[in-house]
Amino acid sequence: MSLEKRASEERKRTQSRPDPAGGGSVPALSHVGADGRAAMVNVASKTATRRTSHARAIVTMPPEVAERFSGGDIQSKKGPVFQTAILAGVMAAKR
């Protein structure tokens, strides 16, 4: 399929669609198929860009749980909880 044909198909796929909640229209997500499942998108023709993102969260927990965090990482049978979570996140992002 030619690059122009692929771009045309992508534009058709990502056009606005009716809002199921009845609030007008919602722009389609390029990485979500018509069935609502994640879909691969060919980005070979895109130029490389540098992007950054920032996230912040507020976590609420009982004081007994918070006390376990006061000394740093929590150790479990599988190792340090935070380090394991960080590693899992990095591995998932690389997939």
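This is a predicted model, so every value here is computed, not measured.

1. Describing the overall build of the chain
Part 1: Helix and strand counts for the chain stand at three helices and four strands.
Part 2: Across the 95 residues in the chain, those meeting the buried criterion constitute 5%.
Part 3: Long-range contacts, defined as pairs at least 24 residues apart, comprise 9% of the intrachain contacts of the chain with a sequence gap of at least 6.
Part 4: Within the structure as shown, the chain displays about 8,900 Å² of accessible surface, and the carbon and sulfur contribution to it stands at 58%.

2. Topic: a nonpolar patch on the surface
Part 1: On the surface, V81, F82, I86 and V90 cluster together into a nonpolar patch covering about 320 Å² of accessible area.
Part 2: Relative to the assigned elements, F82 resides in helix α3 (residues 81–94).

3. What about the environment of Q83?
Part 1: Along the chain, the position of Q83 falls in helix α3.
Part 2: Q83 sits in the partly exposed class, given a relative accessible area of 48%.
Part 3: Along the chain, Q83 and D73 lie 10 residues apart, while their C-alpha atoms are 7.9 Å from each other.

4. Here's the deal with the confidence of the model for the chain
Part 1: Per-residue pLDDT for the chain has a mean of 76; in total, 78% of the residues score no lower than 70.
Part 2: The least confident element of the chain, judged by mean pLDDT, is strand β1 (residues 17–18) at 57; the most confident is α3 at 83.

Calculation rules
Residues numbered from 1 in each chain as written. Predicted model: local features only at pLDDT ≥ 70, side-chain atom pairs only at ≥ 80, totals over all residues. Heavy atoms only, no water. Helix = DSSP H or I, 4+ residues; strand = E, 2+ residues; numbered from the N terminus. Buried < 20%, exposed > 50% of the residue type's maximum accessible area, 1.4 Å probe, protein only. Contact = heavy atoms within 4.5 Å. Areas by Shrake-Rupley, 256 points an atom, 1.4 Å probe, with all protein chains shown as cover. Patch = residues over 30% accessible without salt bridge, like charges linked within 9 Å, V, L, I, M, F, W, Y side chains within 5 Å. Salt bridge = Lys/Arg side-chain N within 4 Å of Asp/Glu carboxyl O. pLDDT = per-residue confidence, 0-100.

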